[in-house]
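What follows is the residue order along each chain.
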Amino acid sequence: MSYTDESPSLTSLFSQAESYRAQLDSLSYTSTSAPDYQAHLTTTLNLHTECLHIADRIALFSPNESLDDVSSSHLPYLLLPYWCAELTIKKTAPDLARRKQVIEEARGFYEAFLRRLDAYDVLGKEEMGLLERYLEDRDGFEVASGDAAARREGKIRRFRDEKELKNKLEVSFTKHTM
């Protein structure tokens, strides 16, 4: 893991980015497609993207280290690709072609996040199997095939797991930013 003089700027920029993200989630807009919401979203996404670039530039995470080697103060930065994906997917698009570009952009961020989790052995066996299947056939991938009841049960289970993971990440993030 290497450090440069830019590390403190990452900390302050990340703090600003997270503040904007929190505002985005808490402010009441008439619609997510409202121009003021989209402007705030763009600023928030740009801040998170810049943090991601800085983290990559200063090699904050190394493929040669395990999760135990990552400083606990750096754990919130593991989420940068995830937050970029979540923010990107909220962007509006004037037409179907542009919407597809937005989805592909978000997909790239999600894939980067999942690859990072995989590199640090964070994924469970089931998630690892799903990721492998996805990487083999990105366009034809389906999480649950079969009958509607199995798909519904899978969605419910994933929703619960996602909610639990988000709660854990928020608690961890809160602990490390205070």
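None of these values were measured; they are calculated from a predicted model.

Within soluble globular proteins, side chains that are nonpolar generally end up buried alongside one another. In this structure, Leu10, Cys51, Leu60, Phe61, Tyr77 and Leu80 are the most contacted members of the largest nonpolar core, which totals 26 residues. Contributing elements (two or more residues each) for this core: helix H1 (7-26), helix H2 (35-57) and helix H3 (80-88). Look past the residues within four positions of Tyr77 in its chain and what remains in contact with it is Leu10, Thr11, Phe14, Leu60, Phe61 and Arg116. Counting residues in each nonpolar core, the second largest holds eight residues, with Tyr82, Trp83, Phe113 and Leu123 among its members.

This part is about the side chain of Lys91. With respect to the helices and strands, Lys91 occurs in the loop between H3 and helix H4 (96-119). Residues within four places of Lys91 in sequence aside, it is in contact with Gln38, Leu41, Leu45, Arg98, Arg99, Val102 and Glu105.

Averaged over all residues, the pLDDT of the chain is 85; the fraction at 70 or higher stands at 88%. Contacts of residues 1-7 to residues separated by more than four positions or lying in other chains number 15 contacts, the stretch itself having pLDDT below 50.

Conventions and cut-offs
- Residues numbered from 1 in each chain as written.
- Predicted model: local features only at pLDDT ≥ 70, side-chain atom pairs only at ≥ 80, totals over all residues.
- Heavy atoms only, no water.
- Core = buried A, V, L, I, M, F, W, Y, C linked by side-chain atoms within 4.5 Å.
- Buried < 20%, exposed > 50% of the residue type's maximum accessible area, 1.4 Å probe, protein only.
- Helix = DSSP H or I, 4+ residues; strand = E, 2+ residues; numbered from the N terminus.
- Contact = heavy atoms within 4.5 Å.
- pLDDT = per-residue confidence, 0-100.

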